[in-house]
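Okay, here's what each chain looks like letter by letter:
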Amino acid sequence: MRHAQLSLIVPGLFSGAGLLALIAAASAALAAPARADTPDPATFPAWRDAFAARLVSEGVRPDVRAAMMDGLEPDLRIVERDRTQPEFVRPIWQYLAGAASAERAAGGRRAAERHSAALDQVEARFEVERHILTAIWGLESAYGAIQGDFDVVRSLATLAWEGRRRDFAEAQLIAAARMIERGYATRAELKGSWAGAMGQTQFIPTTYLERAVDVDGDGRRNIWTSEADALGSAANLLVRAGWEAGAPVAIRTILPDGFDYAGWNENTRRPLRAWALDGLRPAGGEWAADDLHRTARLILPAGARGPAFLVFGNFEALMRYNNSTAYGLGVAFLARRLADGTEPPGGWPEDDPPITRSQARELQEALTALGYDTQGVDGIVGANTRAALKRFQAASGLTPDGYAGRRAYEAVMAARAAR
Ligand SMILES: [Ca+2]
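Residues numbered from 1 in each chain as written. Predicted model: local features only at pLDDT ≥ 70, side-chain atom pairs only at ≥ 80, totals over all residues.

## Regarding the overall build of the protein chain
To keep it simple, the criterion reads: A run of H or I in DSSP becomes a helix once it reaches four residues, and a run of E becomes a strand once it reaches two; helices and strands are each numbered from the N terminus. Here the radius of gyration uses the C-alpha set of atoms, whereas the globule reference equals 2.2 Å times the residue count to the power 0.38. Counting other C-beta atoms within 10 Å of a residue's C-beta gives its exposure: the residue is buried at 20 or more, exposed at 12 or fewer, and partly exposed in between, where C-beta atoms are placed from the backbone.
The number of helices and strands found in the protein chain is 17 helices and 9 strands. Taken over C-alpha atoms, the radius of gyration comes to 23 Å for the protein chain, in line with the 22 Å a tight globule of 419 residues would show. Based on the C-alpha atoms only, the size of the protein chain along its principal axes is roughly 65 × 55 × 35 Å. Across the 419 residues of the protein chain, 48% fall into the buried class.

Structure (structure tokens):
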């Protein structure tokens, strides 16, 4: 996805398929190299020979080893992409507006109409709703139109040689070898994104081996040119991650006056009944009685001044597909727009955008100096940084929502300067 049309970022450790977390998506034009040193291509043959020996020890068939490794050279474009970190973090509201745009929804309706038989078949077999599958399809590959045409073996070999993500890349290469060995794809057919995500579902090789399925019955799990196989493979991934048909993904929620932000934690799951007793209510209508027993956690993707969402088990299944809050909400809102035309929610704090990478480094340094340890300074706002910011906000009489926007940044820098 993102891969092409939604600009990239961070491979999620738990990413089932898609590699790139979208929440930090930024324009490549604004990107700056994170590291200047480029590895010397003269060192590639040493990695190649060592990995070829590993394929022998893994028992990979000689003809498959030869097909993968003979004459293999690094692709230096991959090194550049892997080492380029965007300075500007794209606001989630911009991401969601694009993910669930009218244009993408219109494209989704056309694609779903064209492939309604495949969607019928997949819905019946896996009990995953067609709008969800269509939304994933749209975000992953623009409904199959943008799958990436990088040579996946060469891309992964380059990542393995470069070394920043060697273990990941070598595990993917071994999975790619199994795909060729078992006749799932030829060496030449392994095409995908620069980071190794393939086909209409953008599965990496390990995910392909674990989750891809043959739905159209031709004996091949073809996620590249069979919509039935691709959509079925996405559905299978979700079912194996606990998808529950008919259950909600994310519900926009109104918080009660005096909500206890300090006591809130974005990872705490509670039955919806408990949230309702605390005074949380849905943005429209009433809670469905069938949902009251379901557990949900409360997320505030842009802090207390933006919309709040209760996210359910189906949201966590989407996190297994791509470990990004923005992605999960993007799928939910695109699916909703496909279903009934509802636009993605507004009410975002557009005057308080997320801080840049270098500002995040300054924020982390300042918070740590002030006694709110962020567990490191890496320019990436994660759970530790949000928790430290929350403690600073609580101690400073600010709403402790942990949202690292420009306002919070300025408050922290002012406190640091006053020290
Ligand atoms: Ca097939």
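## Thoughts on the environment of Glu227
To keep it simple, the criterion reads: Note on contacts: each residue gets a C-beta atom placed from the backbone, and two residues are in contact if those atoms are within 7 Å.
Positionally, Glu227 belongs in helix α11 (residues 227–240). What makes Glu227 buried here is the crowd of 23 C-beta atoms within 10 Å. Taking C-alpha positions, Glu227 is 10.0 Å from Ala111, a pair spaced 116 residues apart along the chain. Beyond its immediate chain neighbours, meaning those up to four positions away, Glu227 contacts His115, Ala118, Gly144 and Gln200.

## As for the packing of helix α4 (residues 92–99) against helix α14 (residues 325–340)
Convention followed: Axes here mean lines fitted to C-alpha atoms, for a helix over just the part in contact, with angles spanning 0 to 180 degrees between N-to-C directions. Helix crossings get a hand from a simple test, with the near helix turned counterclockwise from the far one by less than a right angle marking a left-handed crossing and a clockwise turn marking a right-handed one. Charged means Asp, Glu, Lys or Arg here, nonpolar means Ala, Val, Leu, Ile, Met, Phe, Trp, Tyr, Cys or Pro, and polar covers whatever is left, Gly included.
Put simply, α4 and α14 touch, their axes get as near as 9 Å, and they point 35° apart. Note on packing geometry: the crossing formed by α4 with α14 is right-handed. Residues Ile92, Tyr95, Leu96 and Ala99 of α4 pack against Ala326, Leu329, Gly330, Phe333 and Leu334 of α14. In terms of residue class, the contact of α4 with α14 is built from 8 nonpolar, 1 polar and no charged.

## A short note on the domain arrangement of the protein chain
Put simply, the rule is: Where each domain starts and ends follows an automatic or database-derived domain assignment.
The assigned domain composition of the protein chain is domain 1 (250–340) and domain 2 (357–418). Placing a centre on the C-alpha atoms of domain 1 and another on those of domain 2 gives a separation of 25 Å. Facing 6 residues of domain 1, the contacting portion of domain 2 comprises 6 residues. Its residues assigned to classes, the side of domain 1 that touches domain 2 comprises 5 nonpolar, 1 polar and no charged.

## Quick notes on the pairing of strand β8 (residues 295–299)
Put simply, the test is: Two strands make a pair as long as DSSP finds a minimum of two bridges between them.
Every second residue of β8 is oriented toward a common face, the buried set being Ala296 and Leu298 and the non-buried set Thr295, Arg297 and Ile299. As paired elements, β8 and strand β9 (residues 308–311) share 3 bridges and run antiparallel to each other. Opposite Arg297, over in β9, you have Val311 as the bridge partner.

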